[in-house]
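So the chains spell out like this:
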Amino acid sequence: MKKTKRRLKPRHIFCIVSVLTVLIVYFIFLCNYSRVYTFSFWLTGKTDLSTVEVTVSDESKVKVNKIYTGKFKGNIDALFIDIESISPGHVRLSASYTDIYQISYDPHGEKDRVEYEYYPQTMEVDLHVTPFGMIYNETHDIFRGIWTVNLLGCVLTLIVIITLALSFREKQKNGDFTYSMVIIGGVVFFLTVTLLLSLYQIIIGWDLRDINTFKSQLYTLSQIGTSFMQATEIPLLLFCLALSISNIQLVRHEGFRPQNLLGVLLGFFVIAAMAVVHFVDLNLSWFDVSMYDVLTIINMAISFVVGYMESLLVSTIVCAVASTKYKIQHPLDYLIILGCAIRKDGTPTPILQGRIDRALAFDREQAEKWDHHAKFVPSGGQGSDEVISEAESMKRYLMEQGIPEERILKEDRSVNTYQNMAFSKKVIQKDAGRLSEKTIGFSTTNYHVFRGYTLAQRVGMKVRGLSAKTKLYFFPNAFLREFIGLLFEKKWIHLIALLIVIVFFTSLYLILTF
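Here is what the cut-offs are and how they apply
Residues numbered from 1 in each chain as written. Predicted model: local features only at pLDDT ≥ 70, side-chain atom pairs only at ≥ 80, totals over all residues. Heavy atoms only, no water. Helix = DSSP H or I, 4+ residues; strand = E, 2+ residues; numbered from the N terminus. Expected span 1.5 Å × (residues − 1). Buried < 20%, exposed > 50% of the residue type's maximum accessible area, 1.4 Å probe, protein only. Phe/Tyr/Trp six-rings, centres within 6.5 Å; stacked < 30°, edge-to-face > 60°. Lys NZ or Arg CZ within 6 Å of the ring centre and 35° of its normal. Polar contact = N/O pair within 3.5 Å; in protein donor to acceptor, adjacent residues only side chain to side chain. Contact = heavy atoms within 4.5 Å. Disulfide = S-S within 2.5 Å. Pairing = 2+ DSSP bridges. Axes fitted to C-alpha atoms, helices over the stretch in contact; angles between N-to-C directions.

Some words on helix α12 (residues 475–489)
Residue pairs spaced three or four apart in an α-helix point in one direction, given the helix's 3.6 residues per turn.
Here is step 1 of the chain: The terminal C-alpha atoms of α12 lie 21 Å apart, and with 15 residues this matches the ideal 21 Å at 1.5 Å per residue to within 8%.
Here is step 2 of the chain: Regarding α12, the residues found buried are N477, A478, F479, L480, E482, F483, G485, L486, L487 and E489.

Pasting the structure below:
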């Protein structure tokens, strides 16, 4: 059997071609633009150009094109020296000039007297001309057009955002609600906020763009986690406040239980993390240099943890909502109904009844639209405090609604959602044979749909989800519980990813510091 070759998708081709094109164009631009370098020496007074002397250690490497005076950034007197590269190598440039101060004063109140003071100045800088002709100022860690590095980063980031957003959209369109979708969405959110912050920094620092150093830009990159947290802290705090209010409503309606206070606990964690970061930032000057670096790294780690979790939370919300809005475009052969608690008399609770009713409603819809009926797979075992299994309770309700017993395949051994999917798959396989020839759906409460998709994927079953509504006050906390479940499901991946990110940026900070 021949293996089918995996072809690059249009969005991947777009990403590769765009990145290569941008890098090639930028490289050509920079090699030409940075062949010329302008030195700026600020003047307190004036200078006589005839007294300016400029020498280079090797005239075969660079040449002096022009010496002139003017205004630096429009308001500071300065001496300018333009040089141009000739061949690669190292060279030292020396410049000597006299800064002439003009002093006017009236010591006796009769008339002004003008005097001049002369201050000889000498400047030396080490330069490196790259094989491509770019002049790099080694002394000040700068080259002409260094500010374009930020723009390059923004353009490349935008290309990645567009590519990932197209992947996210394709998964949504195809009903491919998997954990990879959460990762993609989280990266898109993080990069989008980072891109906006970078553009803002470019705009407010436009007048100082030519005096940024390469080291300062790398340092800004190392602080990206802190910047992200500071930019999103107000929306995050408002979100935590809304969750806390919903928890109060939940406790009023459902009673006090620890799991009903997840929103309050999340808010406490976020506030505590932000308080630590801000306290350390405001009091770093109290500590010596070694402690300063340790506390800065701790702040970076906390910021990345908060930013990482925030990005995943936002992405999970978007994915969960998208999974509940997905419209099934074809008839289903089997409908799994995910179980939950039943009443003491063995009848379904309102939440469980909502799941059954949603499955029944879809079956009626597909009968009208495609003249096709599904078999129902009520899934759920018997808890220690339940008189019958959840599956049996659902079966009885289905039969009361007119579903014949031969269209009900009961699965009554599962005790959690993963087992719901795994055991239901076996029941369907026993009835249908090959799953690849059958279409399968599942019905559950809206906050639980996305998790159902991810667990079905784990057991190797392609499904489509049906969303049953629940009370508004119940949704936020239940959804947060599902989000925590998703985190624990991939806990090692998250821990490794966070560790890699923190180690990388900590190493970058330490390299720049020492």
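Re the packing of aromatic side chains
Here is step 1 of the chain: In the structure shown here, the tally under the stated rule is 15 aromatic pairs.
Here is step 2 of the chain: A centroid spacing of 6.3 Å and a plane angle of 0° characterise the contact between F39 and F41, whose relative ring orientation is stacked. For the residue pair F39 and F41, the accessibility class agrees, reading buried in each case.
Here is step 3 of the chain: Here a set of aromatic residues connected by ring pairs shows up, and it is made of Y37, F39, F41 and Y97.
Here is step 4 of the chain: Here the guanidinium or amino end of K66 rests over the ring plane of Y68, the centre of that ring lying 4.7 Å away.
Here is step 5 of the chain: Here the guanidinium or amino end of R413 rests over the ring plane of F423, the centre of that ring lying 4.1 Å away.

As for the side chain of S311
Here is step 1 of the chain: In this structure, S311 sits in helix α7 (residues 289–325).
Here is step 2 of the chain: With relative accessibility at 5%, the residue S311 sits in the buried group.
Here is step 3 of the chain: From its side chain, S311 meets the backbone oxygen of G307 in a polar contact 2.9 Å long.
Here is step 4 of the chain: When residues no more than four places from it in sequence are discounted, the contact partners of S311 are G186, F189, F190 and F228.

Some remarks on the state of the cysteines
Here is step 1 of the chain: Evaluation of the coordinates by the stated rule reveals zero disulfides.
Here is step 2 of the chain: C154 supplies the cysteine sulfur nearest to C15, a cysteine that is in no disulfide, at a spacing of 16 Å.
Here is step 3 of the chain: Here C319 stays unpaired: no disulfide links it, and the sulfur of C240, its closest cysteine neighbor, is 19 Å away.
Here is step 4 of the chain: We classify C319 as buried; its relative accessible area is 0%.

Thoughts on the sheet that holds strand β4 (residues 76–85)
Here is step 1 of the chain: Strand order in the open sheet formed by three strands is β1-β4-β3, with antiparallel pairing between adjacent strands. What marks the edges here is a single partner per strand, and that holds for β1 (36–42) and β3 (62–72). Neighbouring strand axes in the sheet, compared pairwise and without regard to direction, differ in orientation by 20° on average.
Here is step 2 of the chain: Pairing geometry for β3 and β4, over 10 bridges, is antiparallel. The partner of Y68 across the bridge, within β4, is F80.

That's the geometry; what it means functionally is another story.
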